[in-house]
Amino acid sequence: MCVPQAYPALLTRNLLYTGMTRAKELLIVIGSKQVIDFMVQNTDTKKRNTGLGYKLENI
């Protein structure tokens, strides 16, 4: 899993958790310790307006 330095709103604990739990046999995290520590501490979640529900209803 590549964890680059990026916009702080994208570096969330949820994203890190998702990447870790999707690994089936092996997980290698590539990134700086500071960014990973930031992600672990960042519990902010933002409401995502993707329109997915609407799209699924209108298939």
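Think of each chain on its own: its residues are numbered from 1, step by step along the sequence as written. For this predicted model, a pLDDT threshold of at least 70 governs which residues receive local features, and a threshold of 80 or more governs which side-chain atom pairs are given and counted, while totals over whole chains, interfaces and linings are taken from all residues. To get the side-chain values, all heavy atoms of the structure are used, and hydrogens and water are removed first.

Engineer: I keep staring at the overall build of the protein and nothing clicks. Help me out?
Structural biologist: Where helices and strands are cited, they refer to DSSP runs of H or I of at least four residues and of E of at least two residues respectively, numbered from the N terminus. Each helix and strand in the protein was counted, giving three helices and two strands. Listing every helix and strand of the protein by position from the N terminus yields β-α-β-α-α. Taking 59 residues into account, the globule formula puts the C-alpha radius of gyration at 10 Å, and the protein, at 14 Å, lies well above it. With respect to the principal axes defined by its C-alpha atoms, the protein has extents near 45 × 30 × 15 Å. Burial analysis of the protein (59 residues in total) assigns 12% to the buried set. Residues count as neighbours in contact if any of their non-hydrogen atoms are within 4.5 Å of one another. Long-range pairs, those at least 24 residues apart, make up 75% of the contacts in the protein with a sequence separation of at least 6. Lys and Arg are tallied as positive, Asp and Glu as negative. Neither His nor the chain termini are counted. Just so you know, the charge point we use is NZ for Lys, CZ for Arg, CG for Asp and CD for Glu. When the 8 basic and 4 acidic side-chain charges of the protein are each reduced to a single mean position, those positions are 3 Å apart. Within these notes, the globule rule equals 2.2 Å times the number of residues to the 0.38 power, and the radius of gyration is based on C-alpha atoms. In this scheme, a residue with accessible area under 20% of its type's maximum is buried, one over 50% is exposed, and one in between is partly exposed, where area comes from a 1.4 Å probe on protein chains only.

Geometry only, nothing functional implied.
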